[in-house]
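Structural characterization, general
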Amino acid sequence: MSVPAPGAIDCDIHPALPGMQALVPYLDEYWRAHILMRGLERDNYTASAFPPNAPINCRPDWKPAKGSAGTDLELLRAQALDGFGTRYAICNVLHGAPAVFSEDLSAAMCRAINDWLAAEWLSKDDRLRASIVVPMHSPELAAKEIERMAADPRFVQVLVWEMGELPLGRRIHWPIYRAAERLDLPIGIHAGSSYRHPPTNLGWPSYYLEDYVSWSTGFAGVLNSLITEGVFVEFPRLKVVLMESGVTWLPGWMWRADKTWRGVRAEVPWLEKSPAAYAREHVRLTVQPFDAPPRADQLQRIIEEIGSDEMLLFSTDYPHWHFDDKDALPDGLPEHLLRKLLVDNALKTFPRLSP
Amino acid sequence: MARHVVAPASEIAPGKSKIVDVAGRSIGVFNVNGEFFALINRCPHEGAPLCIGFVLGRFTADRPGEYRLERHGEMLRCPWHGWEFDIKTGQSWCHPESVKARTYQVEVVPGEALAKGPFVAETVPVSVEQNYVVVEL
Amino acid sequence: MNVAVIDRQPDISSQTKLGIVDCDIHPYTKSPADLDQFLSERWRKMRASIGGRSRSPFANAPNYPRMSPFTGMRMDSYPKDGTHPGSDLGMMQEQLLDLFNVSYGLMMPLLGRGADERNVEFGAAMATAANEWEAQVWCDREPRLKAGVQIPLEYTEAAIKEIEKRAGDRRFTHVMIPPRGLEPLGRRRYWPILEACAANGFSIALHLGGTSGHPSTGGGWPSFYHEEHPSYPQSKEALVTSLVIEGVFEHIPNLRVALVEGGFAWLPSLTWRLDKHYKRLREEVPHLKRLPSEYIRSNIWVTTQPIEEPERPEDLLATCEWIGWDRIMFSTDYPHWDQDDPRYAFKAPLTEQQKRMVFRENALAFYGLE
């Protein structure tokens, strides 16, 4: 079905860094000298999880005449914001900075991206909000960056990739969640990998299509980890937002995770509720790319199986290419869900959208 | 409803159990710290012989990583899928409201009283000197 | 969820009357030395000295400790002599084959570990020994049991030799491949093995397992069995994705694949996702001539265990409908802890026709039995 729905909140759009050169003014003196000495400003450090010119990452009519999709503020304004009648849109920068192996260099690049985003995007259109890019492999530096950026209320979320060095539930990450919970920032977990491990447990696939399909299986692993390790027991106010991997895989995951819990819960006795119950309370999902079934009655059944009208968040995934024209939502979504999906759920998920 | 003598009380020591056949049903009789309880020997999930499972405490935690074992000997873990049941109530740990193993009334009765009846004691010889476990169904 | 209390002796229900086919049974040795009679002196010595070496930290235990003894066996399956559950034919007959009137049981032995042994020559010898053991110790004594051909996955020549050796032997119905090999199974390095399966009339059974050395998730190794156990469906999803997208079914159209011990509720969503993204990225995979969903429909079957248990039981029937009732085959996974009982596995009622298909006819056709 066609959006706009004036006032909708788009929870996943992707302004893109034109290149490392753009970050140079935002680096501190030390890291600017370091990066220029090594010539890193000439490399782009684009995340290999998102080749910018792959058709799925670059809708043809959203590509600027010059440069990669997502690099042109005016186009993004016209297409993503005006185009869908968006009240707020949350910018998630998918640059390779968080995957840089040196924690310190990674942190320096993340800081520069956040400052670049604030100056060159957020300050130029007050509909734009953003996620804080962090070096997830250094929980200490990541928490520090969260503290620093949280001073700017336009940053409404922390951004991490689903596949990094360690499963996201591991206790080593908890300083990040502690800071995020305290500062009213959900953890936005985006599709993608820093490729420390193959994206599937069978090893390295041949094709990008396989990687792309694997993102939602990665999310199942993320949920297993976050819930099992007790992240939501330790941080009862924390929300996580799973971005860019569809939603129809969720019921099957719930049934299986709950089944395991009934027999195995004694291994992790802090879980007082079933995995599905934790998910319904703490997990949100952006809808694009919507992995819709062929028939509307199937979609309605799946929405019922998900069992909560608070979990789904509207997104266009601009400028990625999952739909044409303005057909940002599948047909057959129940009326009562639409308003929540387009607006209310986001307002509840991101406290910083309601100052 | 009849009352069935299933064992001398001394036969089932604290922490132990006995599986008995009563009126065509297999039933587990448990001695939990001196108190007797009876459960159907059939898991409500997929029909496993529930009462041969491990008798355990309640594994719990105040927060992740802080483990605690409480209510020693009060939980029964299904020998197949590991569902845990409260021996005293039959309630399942995971779904106490909706999943229950059937329980039966149990009492300990002196042999003297048994002589007066009415009790069914087909397989357990009764003497007046002992106490007996009696299951009602 | 709501579960009816089962407080009566079970009926012998219609699915057991009709003679079921159980698509996942695990026989075990009483002792690892049981394979010695099928090994040459060199490999007997190797087995007793260095032993098997897979890509995992423990010599004789899984990465993730199970929640019940004998690495997760149902606790009423221990033979009286103290040997391993699943090692006693009489007990297996009593608890499974006779009790449920099983017409055929497809064996998926998880021993020998020939498939992922790092010393591939040793792996080949262990696979051969395990196959002899299956045929002689099990099939010859109990003809209802059908053997799976174990192969050393990373030693192509030996694997093909083993497949060809068992072709035509009616005791063997399938080639057994653990999905977690060194690389995703759809990669070209495995095509000669898959071709040999199809050419020799074998279906392949992809039972979860294998020690690829790759973590269970793309984000690293989980901490708990509570995460590992529900990661099996993701392994299956990756497997389907690999086989379909790498072009295996375009290259070997008559290859028939059963996915064992992964449940099945994940399959419809995966199918929709594959079709959706294929449409966008098809230029990358011009070797595909049909939609991914069409290859899945024509070449892939699923087994039921561990059957998903939705909050509303009837949702599982819709899932079956979306997959296709003719592609779903019942399995118990005896004697593992998470095995399913054919009388109670489905919590919503199946029609007589659906029962016949799931509990019997689909598997007879798939494995070429009767």
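Bear in mind that the values here come from a model prediction, so they are computed numbers and not experimental data.

This paragraph deals with the interface of chain A and chain C. With 63 residues of chain A in contact, the opposing surface of chain C contributes 59 residues. Residue assignment for the side of chain A that touches chain C shows that the elements contributing at least two residues are strand 4 (155-163), helix 6 (208-229), helix 8 (250-264) and helix 10 (296-306) of chain A. Counting residues per element, the side of chain A that touches chain C draws most heavily on helix 6 of chain A, which supplies 16 residues. Of the residues assigned to the side of chain A that touches chain C, the class counts are 30 nonpolar, 22 polar and 11 charged.

This part takes up the interface of chain A and chain B. By a widespread convention, an interface's size corresponds to the accessible area lost as its parts come together. Taken residue by residue, the interface counts 13 residues in chain A and 11 residues in chain B. Elements represented by at least two residues in the side of chain A that touches chain B include exactly helix 7 (231-234) and helix 8 of chain A. For the side of chain A that touches chain B, the element with the most residues is helix 8 of chain A, which contributes four residues. Residues that form the side of chain A that touches chain B fall into these classes: six nonpolar, three polar and four charged.

Residue and element names in this part refer to chain B. Strand order across the open sheet formed by three strands is 5-6-7, with antiparallel pairing between neighbours. Across the chains shown, the open sheet's two edge strands, defined by having one partner strand only, are strand 5 (54-63) and strand 7 (84-86). Sheet twist, expressed as the mean angle between neighbouring strand axes with direction ignored, is 50 degrees. Taken together, the three bridges between strand 6 (residues 66-77) and strand 7 define a ladder with antiparallel strand orientation. Bridge pairing links Met75 to Asp86 in strand 7.

As a further point, take helix 13 (residues 314-323) of chain C. Count 3.6 residues to each turn of an α-helix, and residues three or four apart come out pointing the same way. Residue and element names in this part refer to chain C. Every buried residue belonging to helix 13 is among Asp315, Leu316, Thr319, Cys320 and Ile323, and all of these are buried. Down the axis of helix 13, the smallest arc covering the buried residues is 150 degrees, so these residues share one side. Opposite the buried face of helix 13, by more than 90 degrees, sit the exposed residues Glu314 and Glu321. Looking one or two places after helix 13, you find Gly324, whose phi comes out positive at around 110 degrees.

All names here are of chain C. Within the fold, Lys236 resides in helix 9 (residues 232-245). For Lys236 and Val302, which are 66 residues apart along the polypeptide, the C-alpha to C-alpha distance reads 9.9 Å. Among residues more than four places away in sequence, those in contact with Lys236 are Leu259, Gly262 and Trp266.

Time to look at the nonpolar core. Grouped together as the largest cluster of nonpolar side chains are 259 residues, with contacts concentrated most on Ile113(A), Ile146(A), Val158(A), Leu39(B), Ile151(C) and Ala258(C). Sequence-distant contacts of Leu39(B), defined by excluding residues within four places in its chain, comprise Ile27(B), Gly28(B), Leu50(B), Cys51(B), Leu76(B), Ile87(B), Gly90(B), Ala101(B) and Thr103(B).

Residue and element names in this part refer to chain A. When you line up the elements, Ile306 lands in helix 10. Along the sequence, Ile306 and Pro294 sit 12 residues apart, while their C-alpha atoms lie 18 Å from each other. Residues contacting Ile306, with those up to four places away along its chain left out, are Leu250, Pro251 and Met311.

All right, on to the pairing of strand 7 (residues 300-303) of chain C then. Residues and elements named next belong to chain C. Residues Ile300 and Val302 point to one face of strand 7 and Trp301 and Thr303 to the other, with burial holding for every one of them. Note: strand 6 (residues 257-260) against strand 7, three bridges, orientation parallel. Residue pairing in the sheet places Ala258 in a bridge with Trp301 of strand 7. Bridge analysis of strand 7 against strand 8 (residues 328-329) gives two bridges, and the strand direction is parallel. Residue pairing in the sheet places Thr303 in a bridge with Met329 of strand 8. Between strand 7 and its parallel partner strand 8, the chain crosses via helix 13, and the hand of that crossover is right-handed.

Quick notes on the rules
Residues numbered from 1 in each chain as written. Chains lettered and ligands numbered in written order. Predicted model: local features only at pLDDT ≥ 70, side-chain atom pairs only at ≥ 80, totals over all residues. Contact = placed C-beta atoms within 7 Å. Helix = DSSP H or I, 4+ residues; strand = E, 2+ residues; numbered from the N terminus. Nonpolar A, V, L, I, M, F, W, Y, C, P; charged D, E, K, R; others polar. Pairing = 2+ DSSP bridges. Axes fitted to C-alpha atoms, helices over the stretch in contact; angles between N-to-C directions. Buried ≥ 20, exposed ≤ 12 C-beta atoms within 10 Å, placed from the backbone. Arc of directions from axis to C-beta. Core = buried A, V, L, I, M, F, W, Y, C linked by C-beta atoms within 7 Å. Right-handed = clockwise from strand over helix to strand, strands pointing away.

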